[in-house]
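Residue-level structural notes
As a plain string of letters, each chain reads:
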Amino acid sequence: MASVKLEFAQYGDFTSFDILRSQTPMSLASLPSPIATGLTKMFYEDFAVVSGATYYYRVVTHYLTESFVSDEISLIATEDPYLSYVVAHLPLRGNLLDLRGNTDWSIIGSNANYSLTNDGLDLNGTFGTYLWNPSTVLCNMGTDDYCVEMYLRMDVNKNVTLICDGAPGWQSGCAVANLEGLLTRHVIYGPAVIKGGNAYPLATLQHLAITKNNGVFRSFFNGIKAFESNYNYATNFSYLGTCLFGAKYSETIDGLVRDLRITKGHARYTSNFTPQVY
């Protein structure tokens, strides 16, 4: 299935947005009918497209009795060849919408310790604040290949848990970014530990991917391989029925996360790549 994901910004007050689409350049004198109306978030995914076709888009901003039409953009719709392997995809643009249909995501912690805006989920590093899913199977990767990826901005130099099980102790699965020289620690059933890599840069939003392919564990910063190690253990990030993103004990993210995507059964990336909007 092909799709087009649109992100836009409105600096100032607004009431709602409409999305206009055409397969030819649009004239301001004769705009087509909108394909979506009444949007209040600055994000829209258009599934009514054909892979390889070119589309033109404009956004109409409404404020009280006035309307403003954006400039036009054009792009080519593309298809994700691994879409059938995706078990979770959260843009995190002002809500917890999962494009794969999961409806049981929630944010644990006081409202004072996080904000969920059109920029993403911003966590302030307070213990007990994280994104949570109660599924027992969603993040149980077993011995299969997988890819956990996101756009991440870290604001404080500290260890942070990216994804882990909700069990007490390091029981099953945990991927930790260490910003003081160790890129990733991957813990499975206690003694199995992988360490290595480079420090994650601060105050920079960039793509981070953690993958396993044919017994090889890798991590990538902005599409550049930062670490690789043989790894033949099963991985269960939802041991005892919960899966956490952003915290384990005191290793809580202090920064912003968005575009969280979990691919189960395929690694996606085995060598350097150029991160795409997804």
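Worth saying up front: this structure is predicted, and the values here are computed from it rather than measured. One numbering rule holds for all chains: residues counted from 1, following each sequence as written. Restriction of local features to residues with pLDDT of at least 70 applies here, the model being predicted, together with a cutoff of 80 or more for giving and counting side-chain atom pairs; totals for whole chains, interfaces and linings are based on all residues. Computation of side-chain values: all heavy atoms of the structure, hydrogens and water removed.

1. Considering the overall build of the protein chain
- Labels follow the DSSP assignment, with helices taken as runs of H or I lasting at least four residues and strands as runs of E lasting at least two, numbered in each case from the N terminus. Regarding its fold elements, the protein chain presents zero helices and 25 strands.
- Counting all 278 residues of the protein chain, 50% fall into the buried class.
- Contact between two residues is taken to exist if any of their heavy atoms lie within 4.5 Å; hydrogens are not considered. The long-range share in the protein chain, meaning contacts at least 24 apart out of those at least 6 apart in sequence, stands at 66%. Burial classification: accessible surface area is computed with a 1.4 Å probe over protein chains only, and a residue below 20% of its type maximum counts as buried, one above 50% as exposed, and the rest as partly exposed.

2. Details of the nonpolar core
- Nonpolar cores were defined as sets of buried Ala, Val, Leu, Ile, Met, Phe, Trp, Tyr and Cys residues, with membership established by side-chain atoms within 4.5 Å. With 34 residues, the main nonpolar core has Cys139, Leu162 and Phe245 as its most contacted residues.
- With five residues, strand S15 (residues 146-154) is the single largest residue contributor to this core.
- Among the nonpolar cores identified, the runner-up in size contains 16 residues, and Val4, Ala36, Val49 and Val59 belong to it.

3. A short note on the pattern of salt bridges
- A pairing counts as a salt bridge when a side-chain nitrogen of Lys or Arg comes within 4 Å of a carboxyl oxygen of Asp or Glu. What the rule picks out here adds up to 14 salt bridges.
- With its nearest N and O atoms 3.4 Å apart, the salt bridge here joins aspartate 122 to arginine 153. Taken as a pair, aspartate 122 in strand S12 (residues 120-124) and arginine 153 in strand S15 lie far apart in primary sequence, 31 residues in all.
- Among the residues examined, aspartate 122 registers a relative accessible area of 25% and is labelled partly exposed.
- According to the relative accessible area criterion, arginine 153 is partly exposed, its value standing at 21%.
- For lysine 225, the salt bridge goes to glutamate 228, with nearest N and O atoms at 2.8 Å.
- Through salt bridges that share partners, Glu7, Arg93, Arg258 and Asp259 make up one connected network.

4. Digging into the environment of glutamine 276
- Inspection of the secondary structure puts glutamine 276 in the segment after strand S25 (254-264).
- Sequence-wise, glutamine 276 and histidine 207 are 69 residues apart; in three dimensions their C-alpha atoms are separated by 9.1 Å.
- Reaching out from glutamine 276, the side chain makes a polar contact with the backbone oxygen of threonine 274 at a distance of 3.1 Å. Polar contacts, as used here, are pairs of N or O atoms within 3.5 Å; protein pairs need one atom able to donate a hydrogen and one able to accept it. Residues neighboring in sequence count only if both atoms are side-chain atoms.

5. Brief notes about the packing of aromatic side chains
- Each Phe, Tyr or Trp ring (for Trp, its six-membered ring) is paired with any other whose centre lies within 6.5 Å, and the angle between the two planes then decides the class: stacked below 30 degrees, edge-to-face above 60, tilted in between. Here the structure, examined in full by the defined rule, presents six aromatic pairs.
- Residues phenylalanine 220 and phenylalanine 273 carry aromatic rings whose centres are separated by 5.4 Å and whose planes lie at 65° to one another, so their mutual orientation is edge-to-face. In this pair, phenylalanine 220 sits in strand S21 (residues 216-221) while phenylalanine 273 sits in the segment after S25, placing the two residues 53 residues apart along the sequence. Each member of the pair, phenylalanine 220 as well as phenylalanine 273, is classed as buried.
- Plain terms: the ring middles of tyrosine 269 and phenylalanine 273 are 3.7 Å apart, the flat faces sit at 5° to each other, and that makes the pair stacked.
- Residue phenylalanine 273 is classed as buried on the basis of its relative accessible area of 16%.
- Among the aromatic side chains, those forming a connected cluster through ring pairs are Phe8, Phe14 and Phe17.

6. Section: the environment of aspartate 119
- Turning to its location among the elements, aspartate 119 is positioned in the loop between strand S11 (114-117) and S12.
- Considering only alpha carbons, one finds aspartate 119 and glycine 94, 25 residues apart in sequence, at a separation of 7.5 Å.
- Setting aside residues no more than four positions away along its own chain, aspartate 119 makes contact with Leu92, Leu256 and Arg258.

7. Focus: the pairing of strand S13 (residues 130-133)
- At least two bridges found by DSSP between two strands are what make those strands a pair. Where strand S10 (residues 106-108) and S13 come together, three bridges link them in antiparallel fashion. Within the sheet, the bridge partner assigned to serine 106 lies in S13 and is tryptophan 132.
- By the bridge criterion, three bridges tie S13 to strand S24 (residues 243-245) in an arrangement that is antiparallel. Considered in S24, the bridge of asparagine 133 is made with cysteine 243.

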